Amino acid sequence: MDEQAGQTTSLWMATEDVSEASVLTTSLTADVCVIGGGIAGLSTAYCLAREGRSVVVVDDGPIGGGMTQRTTAHLSNVIDDGYVEIERLHGEEGAALAAASHTAAIDRIERIITDERISCDFERLDGYLFAQPGDEGSLSLERELLAAQRAGLSNVERHARAPISGLTSGPCVRFERQAQFHPLEYLSGLMRAIERRGGRIYTGTHVTKVEGGSPGRVETEPGSVITARAIVVATNTPITDLVALHTKQAPYTTYVIGARVPRGSVAKALYWDMEDPYHYVRLYSDASGDRPYDVLIAGGEDHKTGQADDGDVRYARLEAWAQQRFPMIEEIVYRWSGQVMEPVDGLAFIGRDVGDSPNVYIATGDSGMGMTHGTIAGMLLTDLIVGRESPWTRLYDPSRKTLQAMDTYAQENLNMAAQYAEWVTAGEVGSPDEIARDSGAVIRRGLKKVAVYRGPEGDLHERSAVCTHLGCIVAWNQTEKTWDCPCHGSRFDKTGKVMNGPANSDLSPITD
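These lines cover the structure that appears in this document, whether it is placed above or below. All of these numbers come straight from a predicted model, not from anything done at the bench.

### As for the pattern of salt bridges
Consideration 1: Per the stated rule, a full pass over the model turns up 30 salt bridges.
Consideration 2: Put simply, aspartate 31 and arginine 229 hold a salt bridge, and the shortest N to O gap is 3.9 Å. Pair noted here: aspartate 31 is in strand S1 (residues 28–35) and arginine 229 is in strand S10 (residues 225–233), with a separation of 198 residues, a long-range link.
Consideration 3: Of the charged contacts in the structure, one is a salt bridge between arginine 124 and aspartate 107, with a shortest N-O distance of 2.7 Å. Of the two residues, arginine 124 is situated in strand S4 (residues 123–130) and aspartate 107 in helix H3 (residues 83–116); the sequence distance between them amounts to 17 residues.

If you want it as structure tokens, here you go:
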């Protein structure tokens, strides 16, 4: 989906232009139609093309134009929610499968980069998980170390402090053979590799309807139809599922800064703390050597999407946190945010779509590990489509019910239900006259809620404030200049155009 003026720009967006693809104008037939051109969609298309399947990829924006371009691109088998929690939710066997699948994803990315000769700054490095402040005995860290070892990660060890220069730290656990890369450069290479194998890729092509069956049908806004034996919906959060899956995951907004540091002053590694919300750090060095400095990328300060509009405050807290731990920071050169889909039981949903035809597949619930979860999707969905068994099928099954996650499930859905109270509240302002330029607010007009954006020149843009997915009232996001749904994470640009599912149509025009 196209980036809109006013949104923040990530480091990746500033340093790589992904090649444009053409708009689909004719009807097609393929073995598989993949909807979504991010890491999950292109990984799936690539794996299927290598199996000799004919593949069509469609996206209504540029390749990587959704959340892939807003990641921090950690490639890690250190599970976002921690192995203690994954073991509690999925048992020792499930935790071991999770560790193996994320390890395999990093290995697969490395192999693809080698096979396809993709230049994307890929490198192996260590990762460090730090204890929470005040955890003097490091009990939580020790439990995490033991759980990771039970999950089969043998290359982990504890240190009294990180054995690296440039970072003041307490106790930590080191995980060997993690990795990092430039996500958009990687997608550019995947795109070329798919096309070399006969895959067809189209952007600027909005999917309006998906039907499973024999064959499946994908209808697009230009009027073209794709018929396929299998359909993969890899749109960050599914546009095909109305309710069921969206009760099992919740959207969170996360913030990122890119800080200039003297070249070589911070050791290249992946860093995570155990605070709540937690923080994550990596380093970016310009491989060409054109930059006389490195960029330290730090993320965190998450909140439920659409339930806070204090980006400036969160950036300030993130900068203060980073400055305290990395005093060599010279200047903040990037600020951006992204959206993470958090499943209630810590692992992605990859497999056959819940309640749909058996030839419709989905990949969602990245849980802050979109690069490896997206690659797992490519491997697992390919196995399912070509009829191979995979040891990961049950672990990532979208229809699974994890009894140990029922408390989280209830809390998230109570939070979602509470958002519908916005239907009966007053507007944020009484009149459009109170809205500053290049800003937005929801106003009440009789029985209606109206999303009003005032442009830089004072021009007004009004749309219904009712999300076109399930009817929540959207909220203005001043940081990204978007309208965000606090229920399920749909996002619309400042004039109401849909940017992110599960909504699949624009905010409605205002009618008398």
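Let's pick the thread back up.
### Some details on the nonpolar core
Consideration 1: One finds Tyr83, Phe181, Tyr186, Ile350 and Tyr396 to be the most contacted residues of the largest nonpolar core, which totals 87 residues.
Consideration 2: Take this core: its biggest share by element is 10 residues, from H3.
Consideration 3: Beyond its immediate stretch of four places on either side in the chain, tyrosine 83 contacts Asn77, Val78, Ala95, Ala99, Glu144, Ala147, Ala148, Ala151 and Leu153.
Consideration 4: The next biggest cluster of nonpolar side chains, apart from the first, holds 23 residues, and it includes Phe130, Tyr255, Ala259 and Met328.

### Brief notes about the packing of helix H2 (residues 39–50) against helix H7 (residues 370–386)
Consideration 1: Remark: H2 packs on H7, axes separated minimally by 8 Å, with the N-to-C direction vectors making an angle of 40 degrees. The interaxial crossing formed by H2 with H7 has right-handed handedness. Counting all contacts with H2, which are made through Ile39, Ala40, Ser43, Thr44, Cys47 and Leu48, the residues of H7 involved are Gly370, Met371, Gly374, Thr375, Ala377, Gly378, Met379, Leu381, Thr382, Ile385 and Val386.
Consideration 2: Residues belonging to the contact of H2 with H7 are distributed by class as follows: 10 nonpolar, 7 polar and no charged.

### So, the state of the cysteines
Consideration 1: This model, assessed by the stated rule, comprises 1 disulfide.
Consideration 2: Note on cysteine connectivity: cysteine 472 is disulfide-linked to cysteine 487, with sulfurs 1.6 Å apart. Of this pair, cysteine 472 sits in the loop between strand S20 (460–464) and strand S21 (475–477) while cysteine 487 sits in the loop between strand S22 (482–484) and strand S23 (491–493); the two residues are 15 residues apart in sequence, bridging distant segments of the chain. Both residues of the pair, cysteine 472 and cysteine 487, belong to the buried class.
Consideration 3: Considering cysteine sulfurs only, cysteine 47 is the nearest to cysteine 33, which forms no disulfide, with 17 Å between them.

### Considering the packing of aromatic side chains
Consideration 1: This model, assessed by the stated rule, comprises 9 aromatic pairs.
Consideration 2: Between tyrosine 128 and tyrosine 271 the ring centres are 6.4 Å apart and the planes differ by 25 degrees, which places this aromatic pair in the stacked class. Taken together, the residues tyrosine 128 in strand S4 and tyrosine 271 in strand S12 (residues 270–272) connect sequence positions 143 residues apart.
Consideration 3: Ring geometry for tyrosine 278 versus tyrosine 280: centroids 5.5 Å apart, planes at 45 degrees, classification tilted.
Consideration 4: The class of tyrosine 280 is buried, set by a relative accessible area of 10%.
Consideration 5: Cluster of aromatic residues (ring-pair linked, three or more members): Tyr128, Phe130, Tyr271 and Phe326.

Cut-offs applied
Residues numbered from 1 in each chain as written. Predicted model: local features only at pLDDT ≥ 70, side-chain atom pairs only at ≥ 80, totals over all residues. Heavy atoms only, no water. Salt bridge = Lys/Arg side-chain N within 4 Å of Asp/Glu carboxyl O. Helix = DSSP H or I, 4+ residues; strand = E, 2+ residues; numbered from the N terminus. Core = buried A, V, L, I, M, F, W, Y, C linked by side-chain atoms within 4.5 Å. Buried < 20%, exposed > 50% of the residue type's maximum accessible area, 1.4 Å probe, protein only. Contact = heavy atoms within 4.5 Å. Axes fitted to C-alpha atoms, helices over the stretch in contact; angles between N-to-C directions. Left-handed = near helix turned anticlockwise from the far one by under 90°. Nonpolar A, V, L, I, M, F, W, Y, C, P; charged D, E, K, R; others polar. Disulfide = S-S within 2.5 Å. Phe/Tyr/Trp six-rings, centres within 6.5 Å; stacked < 30°, edge-to-face > 60°.

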